[in-house]
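Report on the structure
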Amino acid sequence: MWLPLPARREQPALPAAAKRSIHATFSCIHDTPTTPVKPAVILLSGGLDSTTTAAIARQEGFAPYALTVDYGQRHRFELDAARRVAEALGVQRHVVLSVDLRQFGGSALTAAIDVPKDRPAADMVHGIPITYVPARNTVLLSLALAYAESIGAADIFLGVNAIDYSGYPDCRPQYIAAFTAMANLATKASVEGRLQYNIHAR
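Everything in this summary refers to the structure shown in the same document. (Residues numbered from 1 in each chain as written. Predicted model: local features only at pLDDT ≥ 70, side-chain atom pairs only at ≥ 80, totals over all residues. Heavy atoms only, no water.)

So, on to the packing of aromatic side chains. Taken as a whole and assessed by the stated rule, the structure comprises three aromatic pairs. Residues Y175 and F179 carry aromatic rings whose centres are separated by 6.4 Å and whose planes lie at 45° to one another, so their mutual orientation is tilted. You can see Y175 and its partner F179 sitting in helix α5 (residues 173–186), four residues apart, about one turn around the helix. There is no split in this pair, since Y175 and F179 are both buried. (Phe/Tyr/Trp six-rings, centres within 6.5 Å; stacked < 30°, edge-to-face > 60°. Helix = DSSP H or I, 4+ residues; strand = E, 2+ residues; numbered from the N terminus. Buried < 20%, exposed > 50% of the residue type's maximum accessible area, 1.4 Å probe, protein only.)

Right under this line is the structure:
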């Protein structure tokens, strides 16, 4: 069942500290080698974590191929932000792919469920929040892996942060390690010895 999207609202102005952080992130682009040697797929949501990760990948000499997944998320403004970030970073190619997880629901980000706000810090270390989207990172990483294999890239970057775990099981280092092992078992490029996949998370 298709769920109605909330009306688009103007976003509040960024605080000065956030603007300085974003400026610092993008300023590192100018220190990047002019001819990156290795392609990498960047899962680019348009949020701060993925934007920072993309800038780091480019600074480290990777040629970024961005992948943004429109999975029916309620925070649609991130999709517009992802396009602007991809343009600012000068990515090699930016693919925007639609996979409508609203068909499944089960999350405050894909169904008509209230998004909890002002959660106490103590609550964030117990249980899995309603903003968890069932198997989202597995879906996104699988798509990124397919993209990476098709362009001969061994590296995939995504902006998950284990320190900011907040109850999401698919942000843990154990999960990233398990997916990396799976990627190196399940792809033609790896089985034939042409690529050894690396998943980079921050």
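Here the narrative resumes, following the displayed structure.
Turning our attention to the sheet that holds strand β4 (residues 155–158). Consider a sheet: its strands pair through backbone hydrogen bonds, and that pairing is either parallel or antiparallel. Strands sit in the order β3-β2-β1-β4-β5 across an open sheet of five strands; the sheet is parallel. Edge positions in the sheet fall to β3 (93–98) and β5 (198–201), since each has one partner strand and no second. If you compare each strand with its neighbour and ignore which way they point, the axes differ by 25° on average. Here six bridges tie strand β2 (residues 62–70) to β3, and the two strands are oriented parallel to one another. Across the sheet, the residue bridging to A66 is H94, located in β3. (Pairing = 2+ DSSP bridges. Axes fitted to C-alpha atoms, helices over the stretch in contact; angles between N-to-C directions.)

What follows covers the pattern of salt bridges. Applying the stated criterion across every chain, the model contains two salt bridges. Residues R83 and D80 are paired through a salt bridge, measuring 3.4 Å at the closest nitrogen-oxygen approach. Of the two residues, R83 and D80 are both situated in helix α3 (residues 77–89); the distance of three residues between them amounts to about one turn of the helix. Residue classification places D80 among the partly exposed positions, given a relative accessible area of 23%. A salt bridge links E192 to R194, with the shortest nitrogen-to-oxygen separation between them at 3.0 Å. (Salt bridge = Lys/Arg side-chain N within 4 Å of Asp/Glu carboxyl O.)

This next bit is on the nonpolar core. In this structure, L67, L141 and I156 are the most contacted members of the largest nonpolar core, which totals 28 residues. Listing elements by their share of this core, those giving two or more residues are β1 (38–43), β2, α4 (136–151), β4 and α5. Among the elements that take part in this core, α4 stands out by supplying six residues, more than any other. If near-sequence neighbours (up to four positions away) are discounted, I156 is found in contact with V41, L141, A144, L145, A148, N198, I199 and H200. One finds A40, I42, A66 and L89 within the second-largest nonpolar core, a separate group that totals 14 residues. (Core = buried A, V, L, I, M, F, W, Y, C linked by side-chain atoms within 4.5 Å. Contact = heavy atoms within 4.5 Å.)

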